[in-house]
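Report on the structure
Next come the chains, spelled out residue by residue.
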Amino acid sequence: MTTTSAARAPRGAGLLSGALAGASGVLVGEGLARLLGATGPVVAVGNRAVDLTPRPVKEWAVATFGAADKAVLVGGVLGTVLLTVLALGRLGTTRRRTAVAGMTVVVGLAAWAMLRDPAQGAGTVAVLASVAGMLLVGPGGFAVLLSLLPRPPVDGDAPTASLDRRRFLLAASSVAALGAGGGATRGLAGDPAAPVAVRLPAPTVPAARVPAGVSFEVPGLTPHLTPTPGFYRVDTALQVPRVALSDYVLRITGMVDRPLELTFEDLLARDLVERRITLTCVSNEVGGDLLGNATWLGIPTRDLLAEAGVQTGADAVRSRSVDGFTAGTPLDVLTDDRDALVAIGMNGQPLPAEHGFPVRMVTPGLYGYVSATKWLVELEVTRFSDFSAYWTDRGYAAQAPVKLSSRIDVPGSFARLDAGPVTVAGVAWAQTVGIERVQVRAGSGPWQDAELGVEDSDQTWRAWRWVWDAEPGTHRLEVRATDRAGRRQISRREPIAPDGSTGWHNVTVTVA
Ligand SMILES: Nc1nc2c(c(=O)[nH]1)N[C@H]1C(S)=C(S)[C@@H](COP(=O)(O)O)O[C@H]1N2
Ligand SMILES: [Mo]
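Residues numbered from 1 in each chain as written. Chains lettered and ligands numbered in written order. Predicted model: local features only at pLDDT ≥ 70, side-chain atom pairs only at ≥ 80, totals over all residues. Heavy atoms only, no water.

Here we look at unusual backbone geometry
Spelled out, the test is: Numbering goes from the N terminus for both helices and strands, where a helix is a DSSP run of H or I of at least four residues and a strand is a run of E of at least two.
Note the cis peptide between Phe357 and Pro358, where omega equals 5°. Among the secondary structure elements, Pro358 is positioned in the loop between strand S8 (349-350) and strand S9 (360-362).

Considering the packing of helix H7 (residues 124-147) against helix H8 (residues 165-188)
Stated formally: What counts as an axis is a line fitted to C-alpha atoms, over the stretch in contact for a helix, and the angles between N-to-C directions run from 0 to 180 degrees. Any angle between 65 and 115 degrees counts as roughly perpendicular, while under 35 counts as roughly parallel, over 145 as roughly antiparallel, and the rest as oblique. Any two residues having at least one pair of non-hydrogen atoms within 4.5 Å are treated as being in contact. All amino acids are sorted into three groups, where Ala, Val, Leu, Ile, Met, Phe, Trp, Tyr, Cys and Pro are nonpolar, Asp, Glu, Lys and Arg are charged, and the leftover types, Gly among them, are polar.
Two elements in contact, H7 and H8, have axes separated by 10 Å at closest approach and are oriented at 170°. By the angle between their axes, H7 is roughly antiparallel relative to H8. Side by side, H7 and H8 meet where Val137, Gly141, Val144 and Leu145 of the first sit next to Phe168, Ala171, Ala172, Val175 and Leu178 of the second. The residue inventory of the contact of H7 with H8, partitioned by class, reads eight nonpolar, one polar and no charged.

A short note on the site of ligand 1
In plain terms, the rule: When we say a residue is near a molecule or strand, we mean one of its heavy atoms is within 4 Å of it. Here a polar contact means two N or O atoms within 3.5 Å. Within protein one must be a hydrogen donor candidate and the other an acceptor candidate, and residues neighboring in sequence count only if both atoms are side-chain atoms. To measure how exposed things are, a 1.4 Å probe is used in the Shrake-Rupley method; for residues, cover is taken only from the protein chains shown.
Taken together, the neighbourhood of ligand 1 is formed by 19 residues, with Tyr232, Thr236, His355, Arg360 and Lys374 sitting nearest. Within the backbone of Tyr232, a nitrogen or oxygen atom sits 2.7 Å from an oxygen atom of ligand 1. Here an oxygen atom of ligand 1 and a side-chain polar atom of Lys374 are 2.5 Å apart. Isolated, ligand 1 exposes 530 Å² of accessible area, and the fraction of that covered by the protein chains is 99%. Among the residues forming the shell around ligand 1, the class breakdown is nine nonpolar, five polar and five charged.

Observations concerning the nonpolar core
Inclusion rule: To qualify as a nonpolar core, a set must consist of buried Ala, Val, Leu, Ile, Met, Phe, Trp, Tyr and Cys residues joined through side-chain atoms within 4.5 Å. Partly exposed residues are those whose accessible area sits between 20% and 50% of the maximum for their type, while under 20% is buried and over 50% is exposed, using a 1.4 Å probe and protein chains only.
Counting 49 residues, the largest nonpolar core has Leu250, Ile252, Leu267, Trp296, Leu304, Val359 and Leu379 as its most contacted members. Of the residues forming this core, the biggest block, five residues, is contributed by strand S7 (residues 341-346). Not counting residues within four places of it along the chain, the set of residues in contact with Val359 comprises Tyr248, Phe264, Leu267, Val342, Ala343, Ile344, Leu351, Thr373, Lys374, Trp375 and Leu376. Among the nonpolar cores identified, the runner-up in size contains 23 residues, and Ala415, Ile435, Ala481 and Val511 belong to it.

Overview of the sheet that holds strand S12 (residues 416-417)
Here is the rule: Here, any two strands with at least 2 DSSP bridges between them count as paired.
With mixed pairing, five strands are arranged side by side in an open sheet as S12-S19-S18-S14-S15. The open sheet is flanked by S12 and strand S15 (448-449), the only strands paired with a single partner. Note that S12 and strand S19 (residues 506-511) share two bridges and pair parallel. The partner of Arg416 across the bridge, within S19, is Thr510.

Looking at H8
Heads up, the condition is: Each residue after the first adds 1.5 Å to the expected span of a helix.
Its 24 residues place the ends of H8 34 Å apart at the C-alpha level, agreeing with the 34 Å of an ideal helix rising 1.5 Å per residue. Listing the buried residues of H8 in full gives Phe168, Ala171, Ala172, Val175, Gly179 and Gly182. Close packing links the buried residues of H8 with helix H2 (11-36) and H7.

A short note on helix H6 (residues 96-116)
Here H6 is 21 residues long and its end C-alpha atoms lie 30 Å apart, about the 30 Å a rise of 1.5 Å per residue gives. Packed against the buried residues of H6 are H2, helix H3 (41-52), helix H5 (69-92) and H7.

A short note on the packing of H2 against H5
To be explicit about the condition: The sense of a crossing depends on the near helix, which, turned anticlockwise from the far helix by less than a right angle, makes the crossing left-handed and, turned clockwise, makes it right-handed.
Taken N-terminus to C-terminus, the directions of H2 and H5 make an angle of 140°; their axes are 7 Å apart at the nearest point. By the angle class used here, H2 and H5 are oblique. Judged by the sense of rotation from one axis to the other, the crossing of H2 with H5 is right-handed. Within the contact between the two elements, H2 uses Arg11, Gly14, Leu15, Gly18, Ala19, Gly22 and Val26 and H5 uses Val81, Val85, Leu86, Gly89 and Arg90. The residue inventory of the contact of H2 with H5, partitioned by class, reads six nonpolar, four polar and two charged.

See below:
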């Protein structure tokens, strides 16, 4: 009786060994990675998972979890690791070697993900150092803990002694302490992506003053300029890339006479222009808010391309970010007079990390995925026929001008209003063309012209308002815009893929 119970390691001790060693291994890996400026194992594995996920699943995840998709992914990685190490812990009570080998494979996968991570901010040595820490504390600690558990009888051999609780607890607390140390290091080492103190020079050509009357005093109407903290963010980066200014280089390569390598200092020394430009995401649904208007500071892309000397035959620029994202932009858009920028500032400050620090592209009139590469490191002059970019590989169009669109900001959907005059207001945009007219209607009533805000420029959205004499009942308010080329927004609803949504925005309100 005593022999049997001594022969079997307590299941709880096995689970505890797996969980402790696994969690401590992850924490030590994260801590060392943070200390050495490397992308940690959790984010690296998450990035690989995103890459290996089929597109429909990705789209479903973004649609379902929205802005929380990244948190859900990290949670998924951690949950999977926890279940795996618990299963290994359980296995370890009978098959010690196999269980330790299993945890080594888990670390191996993390190492592979870290080495393959395109945004890996550190060299191989730093990655291997954190992998070594993970191996030591994860599978290493696991092997030690399992060795203290009673061994099951093998082919009639006498089983080993029962669990020595004191030694086991000592070893377990050592593993836990290492994990806690890793966790504390990760927490205390500071966020390397935190804004860096950079002083931007004054622009050579400052933005024109914002004209009086660009917007209206209507509560709920989108302000003309989007404050940086509220500016939408869209990118494929699970963790915001951290680019060290000291070794930052922008390369201009491909079909050019003189390839350029520009440091951040070099860029600061160029003529800087300031422009208000409305940036729009192709994923913006009708009525959506994936667009924002900011004051950008940068070097006209055409100046840099001229300096490099574009060769004949080229029709595109493939831009690359530090994390491997690519975009394909028509060369003529980057060289015409719309002032496409290689930007270093946003709303009077250096770019925030989330919006591409230190350097990004901003191109009026094109959706962001073909023209607004953040964490920009290369502009390769090439031909559209010679490459395809990140989202083009995933079913989106190679060329994607922003579609004429308009939105009702107030009243909101399902608002309950009092009968009488109600101000309906919103924004409309037709970047690089300009908004000519906005019309609104209630129910099947006639289209009525809205009053337009003063135009800032054809590169930004334009506010509109219309006073509606609301009568009791449920009403549908609908908006449509016409651009300065005389094109009217089409009513047909198109999805965001492959080149941007279409359709008239409407809201339904109840008047009492
Ligand atoms: N490196 C990188 N740049 C990127 C992206 C990305 O995924 N990675 N997304 C693009 C898309 S789809 C859009 S709409 C804009 C959004 O810029 P914002 O996040 O500053 O608003 O960035 C573009 N630049
Ligand atoms: Mo986008």
